[in-house]
Amino acid sequence: MRGKERVKQSSSSLIEVVERRTFLKVLGSAGPAVALSACSPITPEQIIPFVIPPEDVIPGVATWYASVCGECPAGCGTLVRTREGRAVKIEGNPEHPINRGGLCVRGQSSLQGLYNPDRIPGPQRRRVTNAAAGQSVLDALPWDDAQQDLVDRVQALRDAGRGDRIAVITPPLTGTMAALTATWVEALGGARWVRYEPFAYEATRESNRQLFGRAEVPHYDFANADYLISFGADFLETFSSPVGYARDHAGQRRVRNGEKARFVQVEPRLSMTGASADEWHAVSPETEGLVAAAMIQTIIAEQRAQGVPPETLDAIAALVSSVSPDTVASTTGLSADGIRDLAREFSDPARGPGRSLAVGGGVGVSGANATATASTVALLNYVAGNVGRTVDFGAASTLDASTYADMQALGDSMRAGDIELAIIYNVNPVFAMPGEADFAGALAEVPFVISLSSLPDETTAHADLLLPTHTPLESWGDSNPRRGVYGLLQPTMQPVFDTRHAGDVMIAVGRALGGDTAANFPRRGGFYRYLRNTWQAMQPLPEPVADDTDGAESDAAAEEPDFEGYWADALRRGGTTLAVEPVEVNLLPEVFDTDLTGALSPPVPSRSYALIAYPSLHFFDGRGANRPWLQEIPDPMLKTTWGTGVEMTAETAAAIGAGEGQMVAVESDHGQVDASVIINPHLAAGVVAIAIGQGHTNFGRYADNRGVNPVALLSAQPEAASGGVRWTGTGVDLTARQLERPIPRLQHGFDQDGREMAQSVSLAALVAGDVHPEEEPFSLHPDHDHPVHRWGMSIDLDACNGCNACVAACYAENNIPVMGADRMRRGRTMSWLRIERFDEPAPGSDGPDNRFLPMLCQHCDHAPCETVCPVFATYHTEEGLNAQVYNRCVGTRYCSNNCPYKVRRFNWFLPEFESPLNLQLNPDVTARSDGVMEKCTFCVQRIQAGKETARDEDRPVQDGDVTSACAQSCPAQAIVFGDMNDPGSRVSQLGNDARAYHALAEFNTRPAVTYLKKVTPDA
Amino acid sequence: MSFAKINDDILRTLRAPGPLWYGGVVVAISLALVGLYAFLYQARTGLGVAGYEHPILWGIYITDFVFWVGIAHSGTLISAVLFLFRARWRTAVARAAEAMTVFAVMTAGLFPIIHIGRPWFFYWLLPYPNERQLWVNFRSPLVWDVFAISTYLTVSAMFLYLGLMPDIAAARDRIKDWRQPIYKVLALGWRGTSRQWHHHAALYGFFAALATPLVISVHSVVSWDFAMAILPGWHSTIFAPYFVAGAIFSGIAMVITLLLPMRRAFKLESYITVHHFENLAKLMLTTSLIVGYAYLTEFFVAWYSGNVFEQGTFYDRMFGQYWGYSWMMFTCNVILPLLLFIKAFRTNLAALFVLSIFVNIGMWLERYVIIVSSLSHDFDPANWAGVYQPTWVEGAITVGSFGLFFTLFLLFIKNFPAVSITEMKESLEQPAGADPANS
């Protein structure tokens, strides 16, 4: 009884204490406080200083910074969108001459390098805990101590006159950073500086040196090539400038005046680039040069050469006299007539000189005869009069990389004990160099290794001192990817981690080292000052004043041009361009003394199959593997995710007794790996292929122990002429193992099965007007009313090359979560946009008539999903959008079942964004919870922003004000977004194009997405 | 046989249960708890713990839902439709079938909730006035489902209760334990006056007439979940009759599966005779033939349509990744029931029991094949999925649903007369002066 009473009393007092009003008060004050403090691990002061608000940070308003992408040497200009002090999205800079608005899948993903959870958080020093077992731990230490350690070590070596026993390995830097590094290396006492780039195009540069005396990768003018033949150059994927070239190429390939520029690809493995070709010819590995040589022979023999002096022509004819289409046909796998046809088309006199283009030298086709092949391709251009026209040495790439052979020599020096200190900045040779070269073993012989790298990788695993540097998005810098183009990088946000700019470290070290060289480094302002000084020196002088009456004053004006204005303008626009001097090149006579055709003959295969190690669109040389988006987005050709394997034809697989997903041991003379079988029908006979870039062991949680690294199979021996890696042609044997490790594939078959998803029209039919616009079927239902706007999209299947840039842009823009390999096995990707790929038979080509079909929500006017939702979570807006209300959705998933396009994605789990990747989330887009359906919104937040901008400027929304993230990113400009109610908009006009069709039109869903049929060549 | 013996025999089943019953209940409750655990785990972790594979976004749970709704069909058919047709043989099996109906609908009703992504918001599917002024979409077949299922549950529960009322009164008078007060309440003061009997008979007839269209409507509406979608393999006008026939088919199979063991355990052989089972078998054979005809019609229509999507789907169903399921379904639902043409088979209860199990499996597979194989192979070839791989969660919840169903059924038959006392007496020759209810 007493107990009961006590309970009663205490419960009543509780009610008294927490009165409703008090409760609400507590709720009102505690709620926002909790919400604020839970925002991010970074203190709010660092993001937005409320006390003294910086003028460019307005909560809720995005700030854009022009910068340059640092993912590959191409140097595309970017515009980085920041919100509340965080970079949330990267877009191509429309004013930048390289990419002109587009950005590739890797560029989009550079945000995930910035916010990578595995980044080195601050300086660390290795402490050996168990020398016998080789165990060690990394201890954090303050920056100043770490930097002093570097200074002390360098000082000791320099003072002892052993500065040349320091090795500095950097990427092939350009612009100010290159100049600074050169100065720094000198300050270190003449350190050995190697500019390492795994894909350094040594063969192309060497061949141009031999032929023309210019060791350069020229600029290829795809925009003016009426006929293009590519000998394995993957210019839409990696190569020297994939985004810019994709844009030029797509522009040139549009049907104009009833004609379409022809594109032929010759290579042993169908690349994504080759998939866009009108003709694809499978040749045996390392025989592309023979094809080109036979073409030269035919062109000269049939007197179709253009713009070449007769005596030079005779000399070239003599060079290739030992080959002809008939002699190379059996070796290459092409027919003699086929080669003759290629030669005739390439040198069509009706076109005039310099209107065709041959490109070669792709990494995936560079083997033991890479230089000879590159020379032959260059000669092919020469005899067609292309050099100086479509092959432009004036705007050549500034890529100034050391060769692989230089790295190998450095490794030998390390092993010989000649290197006492190695300073490695942002390169990963341990991963990317052929396994047989054993750079890791060489590094182990170096007493002390210092790494200046943003991310941990296989090379930093051997470092004794880690000085983590900024990523490009946090850095000042500039870039000079090709002559005349100067891009400017500016930090877009506060550093995410305790990192420093490599230039700042160099300057601080340079000054701390003292001596004569200290004066070469600015006393204050660090790298920023250094950069400004460089640009000040580079600033073109203003036009001299015509009326020079007062000499002193005008001199003063000339000495002090308005640098601040120039600098601000360059920063705003992302750089500047300078005029390029045209370069005349001529064949050097020494060329005619070489045995070109002898060097072209492919090596005799040592084993049963020839291996092609090709650069990956997503991972490049491997540096993209720790970006979850790049792992998750399926490979454009194979549709594999989260892994790589060994590609082989079904015949090869049957011959070794293996099937898709089965592990096979791949063994070469130089190494052995186990890899999962991927069946790929588009390989030349006797060829197996492995993409470069996976098989990491120390590159963070997303990359490690995934896929296979083919460099383990490659020979350490460089290609003799150029010193490059022999990426292709390694002989391998395959042994099937009784183990299944299938790689998740998001598309299981590539046959359209008569469904006509991706349609085509032949060029002849298009020109003849023999196209039948689809009839809109009769509908019993009234159409929706769209009083102001009706947003729509058009996608040109003829321009789409499958590059996945749009997919990555969508991930970044719309907070799409990454699901991981296990969930991919059940097809549970969350991507709102996928690129479907279909193979159709293509007469006259060894390859398929390949169709890429970007598939996203079609925003149907008569949407099947809308009628079946029991709770109106999906409905039609008056602007024609098929909207999804996440917080109304209960997750019956009926909408997806009823969607003929299957573009809806269900949140099977609560999405996770591992910190600090969550900082990338776009604040304008809801992050979805588990149990709800989601899909493409046509970037409704961007529509809203465009409408608001128009309203602020007191004008109606114009075409171009609003574009979706996918359309913005498309390098080929295949996607156009706009208002279909505006008859003048591009999307409206494209909707009336003869090629326009709607996917699965027979269901009368009336989509807002119009596809333009692919134009197939006339057979 | 006298009224008194009927009372004794049937009310005997309500006496203290034996170990067999206890064992059964423990097993059933354990299974139900396993299912509950799996559901809570799924709700907490995310629906992804089930085996869904894009684009197969409906799977085991909807299969289970349709299966249980189908099971629920025979009860109303036997009690209401056969009552209206005055098929007197139904008397012995009607009560068990009605109870089975109610419990099967209750089980089925859980599956849409288990299936949805946010089960805690399942009530958003109900049109209730709310301050957010949100309403449901009456164009969606799922909303029709909500009404069809809840109506069916209400009517079949009322129908069961109505028939039970005189029997509860009998139990009230005979059972002298803790249940008596409950019986007293539930009997609603039944005294067996002729006025009460008059009203009861009128109401019973009325409910039978009300329930009969529901037999058709419920499974028609459930079939429209599929038929209203544009997916090939679902989008078909024959779905409503096809599903109703299938439901009755599976329901009768389940009645046989349940009644045979119950009859033996409760020693009710003299009430539920081989004759009754033979009649059920005939009904099963009829519905099997209808279902088989529907299968053939689907294939014919797919072929005759010349539509690439329809043809692709049905070719895939027969020879694609799900061929094993499809052929097993054919065997169980169409080929094996042909044995029922043989009288010796129909009257062999052991054989009938085995066949009923096969039919239960076959009908479950039918729903699985319709749902999963159609979704796996729809319009866009780039989407086509691999083979659906259910997880332990789906298995546990499916098994748990059987656990729940059997728990309810076992509790029912031990606490309420499993054979209608009233109707058994009515079917006897009326002894002079005897009051059927109070003897």
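Read on for a plain summary of the structure. Since the structure is predicted, the reported quantities are computational estimates derived from the model, not experimental observations.

Criteria and cut-off values
- Residues numbered from 1 in each chain as written.
- Chains lettered and ligands numbered in written order.
- Predicted model: local features only at pLDDT ≥ 70, side-chain atom pairs only at ≥ 80, totals over all residues.
- Helix = DSSP H or I, 4+ residues; strand = E, 2+ residues; numbered from the N terminus.
- Rg over C-alpha atoms; globule rule 2.2 N^0.38 Å.
- Buried ≥ 20, exposed ≤ 12 C-beta atoms within 10 Å, placed from the backbone.
- Contact = placed C-beta atoms within 7 Å.
- Axes fitted to C-alpha atoms, helices over the stretch in contact; angles between N-to-C directions.
- Parallel < 35°, antiparallel > 145°, perpendicular 65-115°, else oblique.
- Left-handed = near helix turned anticlockwise from the far one by under 90°.
- Nonpolar A, V, L, I, M, F, W, Y, C, P; charged D, E, K, R; others polar.
- Pairing = 2+ DSSP bridges.

With respect to the overall build of chain B
A count of helices and strands for chain B gives 16 helices and 0 strands. On C-alpha atoms alone, chain B measures out to a radius of gyration of 23 Å, which is about the 22 Å that the 2.2 N^0.38 rule sets for 439 residues. Put simply, chain B has 439 residues, and 50% of those count as buried. For chain B, long-range pairs separated by at least 24 residues make up 82% of all intrachain contacts whose partners lie at least 6 apart in sequence.

Here we look at the packing of helix α12 (residues 323-335) of chain B against helix α14 (residues 349-376) of chain B
Residues and elements named next belong to chain B. Direction vectors running N to C along α12 and α14 enclose 140°, while the axes themselves pass 8 Å from each other. In terms of axis orientation, α12 runs oblique to α14. Classified by chirality, the crossing of α14 by α12 is left-handed. In this structure, α12 uses Tyr325, Ser326, Met328, Met329, Cys332 and Asn333 to contact α14, whose residues at the interface are Phe358, Val359, Ile361, Gly362, Met363, Leu365, Glu366, Tyr368 and Val369. Broken down by class, the residue content of the contact of α12 with α14 amounts to 11 nonpolar, 3 polar and 1 charged.

Concerning the sheet that holds strand β3 (residues 86-92) of chain A
All names here are of chain A. Across the sheet, which stays open at both edges, the 3 strands sit in the order β1-β2-β3 with antiparallel pairing between neighbours. Looking at which strands have only one partner, the edges of the open sheet turn out to be β1 (63-68) and β3. When strand polarity is set aside, the average angle formed by the axes of neighbouring strands in this sheet is 30°. Summarising the sheet, strand β2 (residues 77-83) and β3 pair through 6 bridges and their orientation is antiparallel. From the neighbouring strand, Thr78 faces β3, where its bridge partner is Gly92.

A closer look at the interface of chain A and chain B
At the interface, 41 residues of chain A touch 38 residues of chain B. Broken down by secondary-structure element, the contributors of at least two residues to the side of chain A that touches chain B are α29 (864-868) and α30 (894-897) of chain A. Taken together, the residues of the side of chain A that touches chain B break down into 18 nonpolar, 13 polar and 10 charged.

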